[in-house]
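Residues per chain, in single letters:
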Amino acid sequence: MSVEEVWRGLGLPGIVDVHTHFMPQRVLDKVQAYFAGADAYLGFPWPISHGNDAQEHVRELRGFGVVLFTSMIYPHKPDMAAWLNEWAREFAAATPDCALTATFFPEESAREYVQDALERNTRVFKAHLQVGQYDPRDPLLDPVWGMIADAGVPVVTHCGLGPVPGRFTGAGPMTEVLVRHPRLKIVVAHMGLPGYGDFLDLAGRFPDVYLDTTMAFTRFTEKAWPFPSAELPRLLDKQDRILFGSDFPNIPYDYAEAVDALVRLDLGDDWLRAVLYGNGVQLLRPTAP
Ligand SMILES: [Zn+2]
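Residues numbered from 1 in each chain as written. Predicted model: local features only at pLDDT ≥ 70, side-chain atom pairs only at ≥ 80, totals over all residues. Heavy atoms only, no water.

**So, the sheet that holds strand β2 (residues 66-70)**
Turning to step 1, where the next piece is worked out: An order of β1-β2-β3 is seen for the three strands of this open sheet, with the pairing classed as parallel. Among the strands making up the open sheet, the edge pair consists of β1 (15-16) and β3 (98-99).
Turning to step 2, where the next piece is worked out: As paired elements, β1 and β2 share two bridges and run parallel to each other. The partner of V16 across the bridge, within β2, is L68. (Pairing = 2+ DSSP bridges. Helix = DSSP H or I, 4+ residues; strand = E, 2+ residues; numbered from the N terminus.)

**Examining the pattern of salt bridges**
Turning to step 1, where the next piece is worked out: The final tally for this structure, using the stated rule, is 15 salt bridges.
Turning to step 2, where the next piece is worked out: Its salt-bridge partner being D116, residue R120 comes within 3.1 Å of it at the nearest N-O pair.
Turning to step 3, where the next piece is worked out: The exposure class of D116 is partly exposed, given its relative accessible area of 26%.
Turning to step 4, where the next piece is worked out: D135 is paired through a salt bridge with R137; the nearest N and O atoms lie 2.8 Å apart.
Turning to step 5, where the next piece is worked out: According to the relative accessible area criterion, D135 is buried, its value standing at 18%.
Turning to step 6, where the next piece is worked out: Here the residues in one salt-bridge network are R89, D116 and R120, joined through shared partners. (Salt bridge = Lys/Arg side-chain N within 4 Å of Asp/Glu carboxyl O. Buried < 20%, exposed > 50% of the residue type's maximum accessible area, 1.4 Å probe, protein only.)

**A look at the side chain of T20**
Turning to step 1, where the next piece is worked out: Within the secondary structure layout, T20 lies in the loop between β1 and α2 (25-36).
Turning to step 2, where the next piece is worked out: Judged by relative accessible area, T20 falls into the buried class, the value being 0%.
Turning to step 3, where the next piece is worked out: Of the polar contacts made by the side chain of T20, one reaches the backbone oxygen of T70; its length is 2.4 Å.
Turning to step 4, where the next piece is worked out: With near-sequence residues (within four places) excluded, T20 lies in contact with L61, F69, T70, S71, M72, S246 and F248. (Polar contact = N/O pair within 3.5 Å; in protein donor to acceptor, adjacent residues only side chain to side chain. Contact = heavy atoms within 4.5 Å.)

**Description of the nonpolar core**
Turning to step 1, where the next piece is worked out: Counting 105 residues, the largest nonpolar core has F104, F125, W145, L235, Y255 and L276 as the members making the most contacts within it.
Turning to step 2, where the next piece is worked out: Here this core gets eight residues from one element, more than from any other, and that element is helix α14 (residues 269-284).
Turning to step 3, where the next piece is worked out: With residues up to four places along the chain from it excluded, the contact list for L276 reads V6, L10, L12, I15, V16, F244, V259 and L262. (Core = buried A, V, L, I, M, F, W, Y, C linked by side-chain atoms within 4.5 Å.)

Structure (structure tokens):
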């Protein structure tokens, strides 16, 4: 089925994709080069077929019927986040269907530029613990998590052990952050793969923990990191906490496969409507259409 056939069949106005990557060109080129070398560190290839032209990516998303998306940016070193945030502001200003996105790193200046991002009405943050290789419990981040929690803005957090583990990935460190900031809105990227159960547990423990479906359930991912069928009923149970994400454009398959993978789960039309649209609108509002 085409992406459009899926959302039209559900009576939706389109879909919301909470996890798409738009970033400065040289950063995107570096990220794509990393995936081009996947054979060496994963043992299987990660062929990206969507090219590296951001404007073309925006047109493609709109063509699929994506009405709201994000520009997931993330620093891998200090003194980079503020620059990425500035880039994302310009991108969102020129791209009204992109929710204003920001990021941070454990550094002295984080407090100030995160405050600035919140004042500018940032709708979503991205934290990448594997690429950033930082400890989310770093004392420099404590006031940052606190400010973001108070503002009720979600943070899409790559904290799972896949595709390769990081020093501070896995449910442990983020659980400690949530114990300190229990109302922090975290969106666990990739359903926390491969530790799906651990992160569903986390969503059970904290009412503001969400999970995005990015890359999960696709044929590509099921080969390497299968979702345990015994956990399927928990996806229904957490219907209001699961959000569609794609990782577009850095995916080794067609965009339609990301949507089809959810349809194949066979969890019902209400579940699909919530995951593909309703939950995303709710979380990223008020810029939602
Ligand atoms: Zn991603």
